[in-house]
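As a plain string of letters, each chain reads:
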2 protein chains.
Amino acid sequence: MKTRHTLPGDIERTSMSIIAAELAARGIVLPPENEAIVKRVIHTTADFDYAQTLRFTPEAAERGQAALRRGTPIVTDTNMAKAGISKPSLEKLGCTLHCFMAEPEVARMARERGITRAAVSMEYASQEYPSAILAVGNAPTALLRIAELIEAGWRPALVVGVPVGFVNVVESKEILFAACEACGVPAIAAMGRKGGSSVAAAICNALLYAAAETLDPAARGWQ
Amino acid sequence: MKTRHTLPGDIERTSMSIIAAELAARGIVLPPENEAIVKRVIHTTADFDYAQTLRFTPEAAERGQAALRRGTPIVTDTNMAKAGISKPSLEKLGCTLHCFMAEPEVARMARERGITRAAVSMEYASQEYPSAILAVGNAPTALLRIAELIEAGWRPALVVGVPVGFVNVVESKEILFAACEACGVPAIAAMGRKGGSSVAAAICNALLYAAAETLDPAARGWQ
């Protein structure tokens, strides 16, 4: 093994073949419409648990891609997820990318109201980008606030709900998913404890690559 | 469960108690010097596999903390890992944080020599910050180049080697760890396929928090 490089595309194809073979060996058959997302999350984590824990509302992947083809902005709950989302793909699709966690206004409102910055940052998104795709990889309180706002009438294009952790995380994803199902908002969530900013970014990237491919098959982005 | 916030410190303490209890239930006893790092990685991933896969050269954690207390810079192989590392803790310790992946010079040299940007970015680090802490969460070729440079005499303060993936990843971590052991360079690696930018950031943060705590017990950073 040397540092002379195998092309990133070759490594990715080999990785995806290994993932497909190991899913087959485990007897796991993924619904074709969700396959690219689940495989990309496994590619990002080397964790096959996600084949069991990722949940999708009907047509969530398709509706997410369609939103990106319309140039829908993405709002994340961490700068880490923001850093992990493919800039060339966003540019190709004309989508913008935002995280409001570091806005002084968000910090001030959170302090004044005694709620988390993550919750306030999602209210901020509902005002600034009401039809955004929301990608939440960290804060259960962001998901809970999104669920409340959806019940009050907010209709984001898609909610990616994949916080990781041991406190309030499992419940927040269940509450979010139920609210999205009840209100017809597309959602993709990693049930259970696992998730994270890398997983949120991976799901957005799988959607971005698929959306960009249908614009131009040569435009596939490699992160 | 409400969006009104439990203090982040309380959530973190509860999470760490749950992790400690589940480690005990699995019969896992961590060496005290590595405990904070292993627990923080589990906290970041909700994945107890890391209790088995994280490997440390002797005194790696202690030497990493000492380096940070001296203001040693950290160099990452992705902007995502860079985004995940605690800025208040870096500031408190007077450490700087760098990622050279997006430097036009790095891209140009990688093209000219037919090697990866990640490998070139580590050469760049060896010139610009020869005594840095290196945090590699993505690129096996970065680890392989680091191993070669260490064998040629480079002595970084610590190598955190935790790429994730299915191709060349397992081997790159074994080669890196062996080179570090042979040359007396402190190393922390996640053996096997798992790892990633979040894991690289979590290990750096555990070291930063511990280093900052010994400067001032009230300075513990919460990300």
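Residues numbered from 1 in each chain as written. Chains lettered and ligands numbered in written order. Predicted model: local features only at pLDDT ≥ 70, side-chain atom pairs only at ≥ 80, totals over all residues. Heavy atoms only, no water.

## Things to note about the pattern of salt bridges
So, point 1. Counted by the stated rule, this structure contains 26 salt bridges over all chains.
So, point 2. Two residues, B:Arg113 and B:Glu123, come together in a salt bridge whose shortest N-O distance is 2.8 Å. Of this pair, B:Arg113 sits in helix H7 (residues 104-113) while B:Glu123 sits in helix H8 (residues 117-128); the two residues are 10 residues apart in sequence, bridging distant segments of the chain.
So, point 3. Counted as one network, the salt bridges with shared partners bring together A:Asp47, A:Asp49, A:Lys194, B:Asp47, B:Asp49 and B:Lys194. (Salt bridge = Lys/Arg side-chain N within 4 Å of Asp/Glu carboxyl O. Helix = DSSP H or I, 4+ residues; strand = E, 2+ residues; numbered from the N terminus.)

## Overview of the interface of chain B and chain A
So, point 1. Taken together, the contact between chain B and chain A spans 44 residues of the former and 45 residues of the latter.
So, point 2. Here chain B and chain A share an interface that buries about 3,500 Å² over both sides, 66% of which is from carbon and sulfur atoms.
So, point 3. At the junction of chain B with chain A, the criterion picks out 4 salt bridges.
So, point 4. Put simply, B:Lys194 and A:Asp47 hold a salt bridge, and the shortest N to O gap is 3.8 Å.
So, point 5. If you look at where chain B meets chain A, you find 3 residue pairs in polar contact (both at pLDDT 80 or more).
So, point 6. If you list the elements that add at least two residues to the side of chain B that touches chain A, you get helix H1 (8-25), helix H2 (32-45), helix H5 (79-84), helix H9 (140-151), helix H10 (169-183) and helix H11 (197-215) of chain B.
So, point 7. Sorting elements by how many residues they give to the side of chain B that touches chain A places H1(B) first, with 6 residues.
So, point 8. Here the side of chain B that touches chain A is built from residues that sort into 18 nonpolar, 16 polar and 10 charged. (Contact = heavy atoms within 4.5 Å. Buried area = accessible area lost by both parts, 1.4 Å probe. Polar contact = N/O pair within 3.5 Å; in protein donor to acceptor, adjacent residues only side chain to side chain. Nonpolar A, V, L, I, M, F, W, Y, C, P; charged D, E, K, R; others polar.)

## Notes on the relation of the copies chain B and chain A
So, point 1. Once turned by 180 degrees and shifted 0.0 Å along the axis, chain B lies on chain A with an RMSD of 0.0 Å. On the angle and the small slide along the axis, the relation comes out as a two-fold axis. Taking C-alpha positions as reference, the residue of chain B nearest the rotation axis is B:Met80, located at 2.6 Å.
So, point 2. Of the residues that chain B buries at the interface, 100% are likewise interface residues in chain A, meaning the two copies contact each other through the same surface. (Least-squares fit on C-alpha atoms with pLDDT ≥ 70 in both.)

So, to be careful, I would describe these as geometric facts and stop short of saying anything about function.
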